[in-house]
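Okay, here's what each chain looks like letter by letter:
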Amino acid sequence: MSVVWKYFGFKKSDVDQTTIICKCCRAKVVATGGNTSNLLHHLRHKHVLQYEECMKLRSASSSTSAGNDKVGTATQNATQTSLKDAFTKGTAYDKKSKRWKDITNAITFHLAKDMVPLNTVEKIGFKEMIKVLDPRYVLPSQNYFSRTAIPNLYQKHRAKVEADLATIRHFSATTDLWSSRSMEPYLSLTVHFISDDWVLHSHCLQTSFFPDDHTGELLAAGLQEVLDSWGLSEHRLVAITTDSGANIIKAIELNNWTRLQCFGHRLHLAIERAMKDDRIQRAAGVCKKIVAAFSYSWKKRRDLAKVQDELGLPKHQLTTETPTRWGSRQMMIQRVLEQERAINQVLTADKNSRHLILRWQDVEVLEAVNKVLSPLQDFTDALSGEHYVSVSYVKPVLHLFNTTILAEEDDNTELARDVKRNILAYLNEKYSDTDNLLDIASFLDPRFRTTYTKKENVEHVISRAVEEIKSLKDQRQDPLPGPSGAAAAAAGHVAPPEEKRKKSLSSFFKKQSTSSMGCSGETFSEEENIKMELRAYLQTKEVDSDADPLQWWRCYQANFPRVAKLAQQYLCIPATSAPSERVFSTGGNIITCHRAALKPDTVDCLVFLAQNL
């Protein structure tokens, strides 16, 4: 670079470095394409002393490089550095510039969303990466991100979530308690609602430090406090999904909220009760010992991999049972049965492990249990989603369990029959007290309606729908049409396209065809309008079981405006408390052994951002 640049430069705010400034007189000098002639001309006429000093420096520089060969000199002249390239590594971005803010915001997003420790910005590798990506960017300190950037991002997104919540009419929730790695207790709350454009939204609102006794009274007050802090009225809460903890149940009862028991927990407990058979306990115990033997021996794992290659088996590792993880026992049994030949060959070669080889009686028990439980895992996973409608599936799934999945078959062993009977008895008993909620939820799903409702309960469900729609009348802002629009839709005059979504649980259910209903131009009372709209809704053409019910309501809400409001209220309820379970997982990824000293407010902030960004 020419020595003349000692006397010229750019302003910090000039990010693109387009205007050259004389350091002596602050005058602007025009020079383009790397040509320094104008700069020398300015020094010669305006700053004589500096010009003479510059010429001496140029002479000294020329004498130093005089020993270079001509080829090297020619190459250097041919690749003369441009003005922009010469200074691109020298002038740092101003902290008020857009470029500096954009990079800083991107790093903040990365730290929050990917749950990266904040001290990452102080590590040599991260700094070197940023330096290579943009040398002009000066990376702020860890304190800046922890005290300024992360809190600002939290406040920004909290305000966005609060704005969304301020517009909703009804919402549902899930809640649960969990302990961090440092054994500090936290109470989480997630909310779920359907927006006016028929999109199901899910937000983690709070991860509150809860050092008090976990009594029902204190938990009830804590949940009330969380809703109040977000400006949510409990009167807009449709239902809250929880596990079967006695303190949580009592808290919900004290608050007089509607509670839906988590389907995942209930199914897990039903399976646990059905597994209390001496034959199953023994076989499962041997499975645990086998998995432990391979988990703590690298030689056995090595030998297992070799035998898997020889036998052409999948190269899967054995998995163990986790008492709190849904379906983990069935996954352990399934993997042991899959790798039985390889496991036996490895254990046979070691005389100290031969006693772990499964007996044929144990294999029969495990195969019977696996055949019963393997279909149930798919239902648990499918009902644990939080971005699609799940509550309306509970009733059809229970019906499917009773009639197909867990129905006794001729080739079932007596053990398999006992397991099926025990699971069904437990589920039917526990869900009998929530029939009303589940019936109305299935009723409002156009794929199911009254298909899985007992005939003697259909009129009761319709009457309840009428009463609830009437109670929503005061909350409506838009005028609602009479029954003629609904009747027209029922007659088949309106047929908007229905989008298909990925096949999952819906493939198990197919609706029977329904008849259509004529239209009427008479004037009716509000209650009669509601009843006619409900009848028209029940008699619309059948909906494919793969269709998205929210997409269907988006298309038909103009034809069934009253029923649509009720569907928007109930279809947002999660069938499981999996959203709260996911908060636990996020918290575990944040409060690691290297970050066990995080303050509760910081944990709440980081969990909120990781879940909602």
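Now for a look at the structure at hand. (Residues numbered from 1 in each chain as written. Predicted model: local features only at pLDDT ≥ 70, side-chain atom pairs only at ≥ 80, totals over all residues. Heavy atoms only, no water.)

## Observations concerning the environment of Val-29
Phase 1: Structurally, the position occupied by Val-29 is in strand E3 (residues 28–29).
Phase 2: In the structure, Val-29 is positioned ten residues away from Thr-19 in sequence and 7.5 Å away in space, judged by C-alpha atoms.
Phase 3: Those residues in contact with Val-29 that sit more than four places away from it in its chain are Phe-8, Ile-20, Asn-38, Leu-39 and His-42. (Helix = DSSP H or I, 4+ residues; strand = E, 2+ residues; numbered from the N terminus. Contact = heavy atoms within 4.5 Å.)

## A look at the sheet that holds strand E2 (residues 20–22)
Phase 1: Overall, antiparallel pairing links the three strands, which are arranged E1-E2-E3 in an open sheet. Edge positions in the sheet fall to strand E1 (8–9) and E3, since each of these pairs with one other strand and no more.
Phase 2: In terms of strand pairing, E2 meets E3 through two bridges, oriented antiparallel. Among the inter-strand pairings, Ile-21 is bridged to a residue of E3, identified as Lys-28. (Pairing = 2+ DSSP bridges.)

## Looking at the pattern of salt bridges
Opposite charge on two side chains allows them to pair when their charged atoms are near.
Phase 1: All told, the structure shown has 25 salt bridges when counted by the stated rule.
Phase 2: One salt bridge connects Asp-309 with Lys-315, and the closest N-O pair in it is separated by 3.6 Å.
Phase 3: What makes Lys-315 exposed here is its relative accessible area of 54%.
Phase 4: Taking the shortest distance from any N to any O, the salt bridge between Glu-408 and Arg-417 comes out at 3.2 Å.
Phase 5: Through salt bridges with shared partners, a single ionic network connects Glu-408, Glu-414, Arg-417, Asp-418 and Arg-421. (Salt bridge = Lys/Arg side-chain N within 4 Å of Asp/Glu carboxyl O. Buried < 20%, exposed > 50% of the residue type's maximum accessible area, 1.4 Å probe, protein only.)

## Observations regarding the packing of aromatic side chains
Phase 1: For the structure on display, the rule yields 21 aromatic pairs.
Phase 2: Here the aromatic rings of Tyr-144 and Phe-145 are separated by 5.8 Å at their centres, their planes lie at 80°, and the arrangement is edge-to-face.
Phase 3: The exposure class of Tyr-144 is partly exposed, given its relative accessible area of 28%.
Phase 4: The exposure class assigned to Phe-145 is buried, which follows from its relative accessible area of 0%. (Phe/Tyr/Trp six-rings, centres within 6.5 Å; stacked < 30°, edge-to-face > 60°.)

## A closer look at the nonpolar core
Phase 1: With 97 residues, the main nonpolar core has Phe-401, Ile-423, Phe-443 and Trp-553 as its most contacted residues.
Phase 2: For Ile-423, the contacting residues outside a window of four places in its chain are Leu-267, Ala-270, Ile-271, Ala-274, Leu-373, Leu-376 and Leu-406. (Core = buried A, V, L, I, M, F, W, Y, C linked by side-chain atoms within 4.5 Å.)

## A few points about the environment of Gly-216
Phase 1: Following the sequence through the fold, Gly-216 ends up in helix H8 (residues 216–229).
Phase 2: For Gly-216, a relative accessible area of 5% translates into the label buried.
Phase 3: For the pair Gly-216 and Asn-255, spaced 39 residues apart in sequence, the C-alpha separation works out to 9.9 Å.
Phase 4: Setting aside chain neighbours within four positions, we find Gly-216 in contact with Asn-247, Lys-250, Ala-251 and Leu-254.

## Some remarks on the packing of helix H11 (residues 278–295) against helix H15 (residues 360–382)
Phase 1: Orientation of H11 relative to H15, taken along the N-to-C sense of each, is 100°, at an axis distance of 9 Å. The angle between the axes of H11 and H15 places the two elements in the roughly perpendicular class. Residues Arg-279, Ile-280, Arg-282, Ala-283, Ala-284, Val-286 and Cys-287 of H11 lie in contact with H15, whose contacting residues are Asp-362, Val-365, Leu-366 and Val-369.
Phase 2: For the contact of H11 with H15, a count of residues per class yields eight nonpolar, no polar and three charged. (Axes fitted to C-alpha atoms, helices over the stretch in contact; angles between N-to-C directions. Parallel < 35°, antiparallel > 145°, perpendicular 65-115°, else oblique. Nonpolar A, V, L, I, M, F, W, Y, C, P; charged D, E, K, R; others polar.)

## Overview of the side chain of Ser-390
Phase 1: Among the structural elements, Ser-390 can be located in the loop between H15 and helix H16 (394–405).
Phase 2: Owing to a relative accessible area of 2%, Ser-390 belongs among the buried residues under this scheme.

## Overview of the side chain of Gln-339
Phase 1: When you line up the elements, Gln-339 lands in the loop between helix H13 (328–338) and helix H14 (340–348).
Phase 2: A polar atom in the side chain of Gln-339 sits 2.9 Å from the backbone oxygen of Pro-314.
Phase 3: Once residues lying within four places of it in the same chain are set aside, the contact partners of Gln-339 are Gln-308, Leu-313, Pro-314, His-316 and Leu-318. (Polar contact = N/O pair within 3.5 Å; in protein donor to acceptor, adjacent residues only side chain to side chain.)

## Some points on helix H7 (residues 142–165)
Side chains of residues three or four places apart in an α-helix project in the same direction, reflecting 3.6 residues per turn.
Phase 1: An ideal rise of 1.5 Å per residue puts 34 Å on 24 residues; H7 measures up with 33 Å between its terminal C-alpha atoms.
Phase 2: A bend of about 30° at Ala-149 is the largest found in H7, and the proline Pro-151 appears one to four places after it.
Phase 3: Within the span of H7, buried status applies to Phe-145, Ala-149, Ile-150, Leu-153, Tyr-154, His-157, Arg-158, Val-161 and Leu-165.
Phase 4: Looking at the packing, one finds that the buried side of H7 touches helix H5 (98–113), strand E5 (185–194), strand E6 (200–209), H8 and helix H25 (600–612). (Expected span 1.5 Å × (residues − 1). Bend = angle between axes of the 7 residues up to and from the residue.)

## A word on the environment of Val-461
Phase 1: With respect to the helices and strands, Val-461 occurs in helix H19 (residues 455–471).
Phase 2: Separated by eleven residues in sequence, Val-461 and Thr-450 place their C-alpha atoms 8.7 Å apart.

## What about the pairing of E6?
Phase 1: Across the ten residues of E6, eight count as buried, placing the element largely inside the fold.
Phase 2: Across nine bridges, the pairing between E5 and E6 is antiparallel. Residue pairing for E6: Ser-188 is matched across the bridge by Thr-207.
Phase 3: Linkage of E5 to E6, two consecutive antiparallel strands, is achieved through a turn of five residues, within which Trp-198 is found at a positive phi near 60°.

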